Amino acid sequence: MSFTRNLAATPFARRLFSTTVARHAYYTSSLVTDQVVKTDPHAKLYDFRSDTVTAPTDEMFDIMKAASRNDDVFQEDKSVNELQDYVAELTGHEAAIFCTSGTLSNQLGLRTHLVTPPHSVVCDSRAHVYMWEAGGIAVHSRASVSPVIASNGIHVTTEEIESNILGEDIYSAPTRVVSLENTLNGMIFPLEEMQKISEMARNRGLKMHLDGARLWNASQETGISLKEYAKHFDSVSLCLSKGVGAPIGSILVGNAKYIDRVRYYRKLFGGGWRQAGCMAAAAKYSIENIVPTMKETHNLAKYLADSLVSLGIDLQLPVHTSMVFIDTTRAGLDIQRDLIPALAQRNIKMGGMGTKARMVLHHQIDKEGVDSLLEVVRDAIAARQQEEPSRHALSQSA
């Protein structure tokens, strides 16, 4: 499962594919990609920027058309209730609530655990709840965060979490929640270590939350059921619009009393939605039909990683599931200069800046798309190598 060779020897970084400075460049590169005239208007478009970019299929629209059309705030919509019951059963929890996004379901999950300040959350320093949710823990829950650096580069350990738990004293915001993430940057958190962390935390009276946005990927890759993962947590957030491929949505599970309270906070946050049955029906269809194909996507991601390494591209992280983080320094390539424009001419979208990029595979990327991307990379490397003698000659003459 672990893919560790040719990892770039780079300093520890929490954000491996974007920074505050990079944000403008990322959006600019995306706009450039959108503005390039396709070489073949009938050719398939491949988008490697994220698994959030998947487009609803014709089959999904048929399912959505047949869905119930009642009010979810009143808890009267059949399709929403069916999805919630279905995911609660899959995860072994009593109840579930359908939300618009993974950020919302994560923040609702944490806010419902965090009752009275001062309080804090301990999590991986790269965690989505800490790095990518607009400071939501501070804003919504009035809580601080104790970010933990994973010394092994893949996941935090029981010892690392335990040594960062804050107790009851007048100087601290006591730890109330341990939040883990699986997968994180596409890497799978070992079940045995999660179990150890859960036992330690619960013995201390702490709540366990799992950001399982891509727990589906971990489950499909390892063969470990969602129920086996989820039993070690008081709440689990599972995204439906990433690798699952649904048009929109995320779902939070927990016990019935907890989900009732979450429902209040969802309304408070402005997240109550009315006729959401069509979205719920599409999500249930996606779980049943797209999730079982994830192992094929993971194999394709590993093929992409292997091929890039053979071309002289380094990996920032091991490839466990659907994400490939690359560093093109050794190959002499600049992502925005050498790859993004050339890929756009082949109807391929990719983000990144400088020499760092993240590629995410999903059910709408096939081997043909991966091979096309590899061909562009191969050509870019060859072009740079041809330029080297000319640059060397110019420097000598100068």
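Residues numbered from 1 in each chain as written. Predicted model: local features only at pLDDT ≥ 70, side-chain atom pairs only at ≥ 80, totals over all residues. Heavy atoms only, no water.

In this structure, what is going on with the overall build of the protein chain? I would like to understand it.
Within the protein chain, the secondary structure is distributed over 15 helices and 12 strands. Out of the 398 residues belonging to the protein chain, those deemed buried represent 54%. Long-range pairs, those at least 24 residues apart, make up 75% of the contacts in the protein chain between residues at least 6 apart in sequence. Surface summary for the protein chain: the accessible area is close to 17400 Å², and the carbon and sulfur share equals 52%. (Helix = DSSP H or I, 4+ residues; strand = E, 2+ residues; numbered from the N terminus. Buried < 20%, exposed > 50% of the residue type's maximum accessible area, 1.4 Å probe, protein only. Contact = heavy atoms within 4.5 Å. Areas by Shrake-Rupley, 256 points an atom, 1.4 Å probe, with all protein chains shown as cover.)

Help me understand the sheet that holds strand β9 (residues 314-315), please; the structure alone is not making it clear to me.
The pairing of strands in a sheet happens through backbone hydrogen bonds and is either parallel or antiparallel. Taken together, the 3 strands give an open sheet; going across it, the order is β9-β10-β12, and neighbouring strands pair in antiparallel fashion. Each edge of the open sheet carries a strand with a single partner, namely β9 and β12 (356-360). Strand direction decides the pairing type here: strand β10 (residues 323-327) and β12, joined by 5 bridges, are antiparallel. Note on β12: the bridge partner recorded for Asp327 is Lys356. Against the sheet, helix α13 (residues 294-310) contacts β9, β10 and β12, and its axis sits at roughly 15° relative to β10. (Pairing = 2+ DSSP bridges. Axes fitted to C-alpha atoms, helices over the stretch in contact; angles between N-to-C directions.)

Before we go on, may I ask you to explain the pairing of strand β7 (residues 235-239) in this structure?
Regular strands place side chains that alternate from one sheet face to the opposite one. Of all 5 residues making up β7, 5 are buried, and the element is well covered by its neighbours. Where strand β6 (residues 207-211) lies against β7, 3 bridges are found, and the strand directions are parallel. Within β7, the residue paired with Asp211 across the bridge is Ser237. The pairing of β7 with strand β8 (residues 250-254) spans 4 bridges and is classified as antiparallel. Bridging across to β8, Ser237 finds its partner in Leu252.

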